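So the chains spell out like this:
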Amino acid sequence: FRTEGEYLDGRRPSSVAFVRDLKEDLARRDFTFNALAWHPDRGLIDLYGGLSDLDRGIVRTVGEPVKRFSEDSLRILRAVRFASVLGFTVEEETARAALRERERLALVSAERKAEELKKLLSGDNVLYALTSFSAVITEVVPELVPCVGFAQNTPWHRYDVYVHTARSVSASPEDLCVRLAMLLHDIGKPESYTEKDGIGHFYGHEILSAEKAKIALDRLKFDNKTKATVLKLIANHSRGFPESDYKFKKMFGETGREDFFRLIAVKYADNAALGTDAAIAEKQKIAEAEARAEKLCASGELYCEEMLNVSGADLLKTGLS
């Protein structure tokens, strides 16, 4: 058992001391369901109602929420992550403290925030997490701030940009690149907004969104492979599928097999978050493109240079130079 000294930097204790009292050890834990202990003779030891909170699906801090969050500011984001992944709700006082203390996340390293964000985005309850704690999410990804409450004023969209974004994340498969793409795919919309005859337009928003997404992903120190895939998906998420087989195969080859099907998933998720009747016809187009891509893969047709049986090395072996 151990106890800790003061948290002077909002990240780690100034000292750690061993103690003989289990209660002191459990008192320093973050959330009640992480403050459970087991004894081979006495069984489960639950001093802070962790089992009850597990049964009821509640995220609650051990003791005073502000104190817990001031000790380690990442706990603010962890509370939202647990709600997303476990399908829980955040207890009212804990939620208020998380929102009130959100600026403390500036004390946390980019790498730690990125790891929590990845886990948060993978949760089945991600819609609740993103919409109920938008102020916490935008503290980690400030590029999303202009999207909150930004009306789209178009018959295609029922929701503002941020709610549409949250719904599209929730509607996407649990592929990190796809979910990151959905989180960031429309961050360029507020800046690219124009209006004609009372209808909103966002010309070129996908390119601006990709530029802003790169800044966010760089700041959070995502690896280059993930960044490249996410930026490709964002830049192409509004692109239509060519009608001609030649152009379709060219698009498939340029995008790459894995990322093309990711792009299909992005389009399905984007479409599912429209919330209007206009989504029906568009969904049919996506399904047709998916069927064409699957047929292309099954046919064995060439759609990129990597599939050629003869390479430059083969030609060099024949004496050509």
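For the structure, check the block above.
So, here's what we can say about the structure. Values in this document were obtained by computation on a predicted structure and should not be read as measured data.

1. Observations regarding the overall build of the protein chain
Helix and strand counts for the protein chain come out as 17 helices and 8 strands. Along the first, second and third principal axes, the C-alpha atoms of the protein chain reach 75 × 65 × 35 Å. Taking all 321 residues of the protein chain together, the buried fraction comes to 45%. Contacts in the protein chain between residues at least 24 apart in sequence constitute 65% of all its contacts with a sequence separation of at least 6. Total accessible area computed for the protein chain in this model is approximately 16600 Å², and 51% of it derives from carbon and sulfur atoms. In the protein chain, which carries 47 positive and 51 negative side-chain charges, the distance between the mean positions of the two groups comes to 2 Å.

2. A word on helix H13 (residues 224–236)
In a regular helix each residue adds 1.5 Å, so 13 residues correspond to 18 Å; H13 covers 18 Å between its end C-alpha atoms and thus fits that length. Looking only at H13, the buried set comprises Thr226, Lys227, Thr229, Val230, Leu231, Leu233, Ile234 and Asn236. On its buried face, H13 sits against helix H10 (176–184), helix H12 (205–219) and helix H15 (257–272). N-cap assignment for H13: the residue whose side-chain oxygen lies 3.2 Å from the backbone N of Lys225 is Asp223.

3. Some remarks on the environment of Leu26
As for its placement among the helices and strands, Leu26 is situated in helix H1 (residues 22–27). The class of Leu26 is buried, set by a relative accessible area of 2%. Sequence spacing of Leu26 and His237 is 211 residues, and the spatial spacing of their C-alpha atoms is 48 Å. Setting aside anything within four residues of it in sequence, one finds Leu26 in contact with Ala35, Leu36, Ala37, Leu47, Tyr48 and Val62.

4. Quick look at the packing of H15 against helix H16 (residues 278–299)
Packed helix pairs are characterised by how far apart their axes lie and by the angle those axes make with each other. Taken N-terminus to C-terminus, the directions of H15 and H16 make an angle of 165°; their axes are 10 Å apart at the nearest point. By the angle class used here, H15 and H16 are roughly antiparallel. Crossing hand, H15 versus H16: left-handed. Each of Arg257, Phe260, Phe261, Ile264, Lys267, Tyr268 and Asn271 in H15 lies in contact with H16, whose residues at this interface are Ala279, Glu282, Lys283, Ile286, Ala287, Ala289, Glu290, Ala293, Glu294 and Cys297. Considered class by class, the residues forming the contact of H15 with H16 number 10 nonpolar, 1 polar and 6 charged.

5. A look at the side chain of Ser172
Tracing the backbone shows Ser172 in the loop between helix H9 (161–171) and H10. Since its relative accessible area comes to 5%, Ser172 is described here as buried. Side-chain polar atoms of Ser172 contact the backbone oxygen of Val169, separated by 2.7 Å. Ser172 has contacts with Val178, Arg179, Met182 and Ala269, leaving out every residue within four places of it along the chain.

6. Describing the nonpolar core
By size, the foremost hydrophobic cluster in this structure holds 69 residues, and its most contacted members are Val59, Leu120 and Leu130. In contact with Leu130, not counting residues within four places along its chain, are Leu120, Ile137, Tyr162, Ala166, Val169 and Leu183. Counting 6 residues, the second-largest nonpolar core is a separate cluster that includes Leu22, Ala35, Ala37 and Val62.

7. Considering the side chain of Thr255
Turning to its location among the elements, Thr255 is positioned in helix H14 (residues 245–255). Given a relative accessible area of 7%, Thr255 falls into the buried group. Sequence-distant contacts of Thr255, that is, excluding residues within four places in its chain, are made with Lys232 and Phe260.

Cut-offs used in this document
Residues numbered from 1 in each chain as written. Predicted model: local features only at pLDDT ≥ 70, side-chain atom pairs only at ≥ 80, totals over all residues. Heavy atoms only, no water. Helix = DSSP H or I, 4+ residues; strand = E, 2+ residues; numbered from the N terminus. Buried < 20%, exposed > 50% of the residue type's maximum accessible area, 1.4 Å probe, protein only. Contact = heavy atoms within 4.5 Å. Areas by Shrake-Rupley, 256 points an atom, 1.4 Å probe, with all protein chains shown as cover. Lys, Arg positive; Asp, Glu negative; His and termini not counted. Charge placed at Lys NZ, Arg CZ, Asp CG, Glu CD. Expected span 1.5 Å × (residues − 1). Polar contact = N/O pair within 3.5 Å; in protein donor to acceptor, adjacent residues only side chain to side chain. Axes fitted to C-alpha atoms, helices over the stretch in contact; angles between N-to-C directions. Parallel < 35°, antiparallel > 145°, perpendicular 65-115°, else oblique. Left-handed = near helix turned anticlockwise from the far one by under 90°. Nonpolar A, V, L, I, M, F, W, Y, C, P; charged D, E, K, R; others polar. Core = buried A, V, L, I, M, F, W, Y, C linked by side-chain atoms within 4.5 Å.

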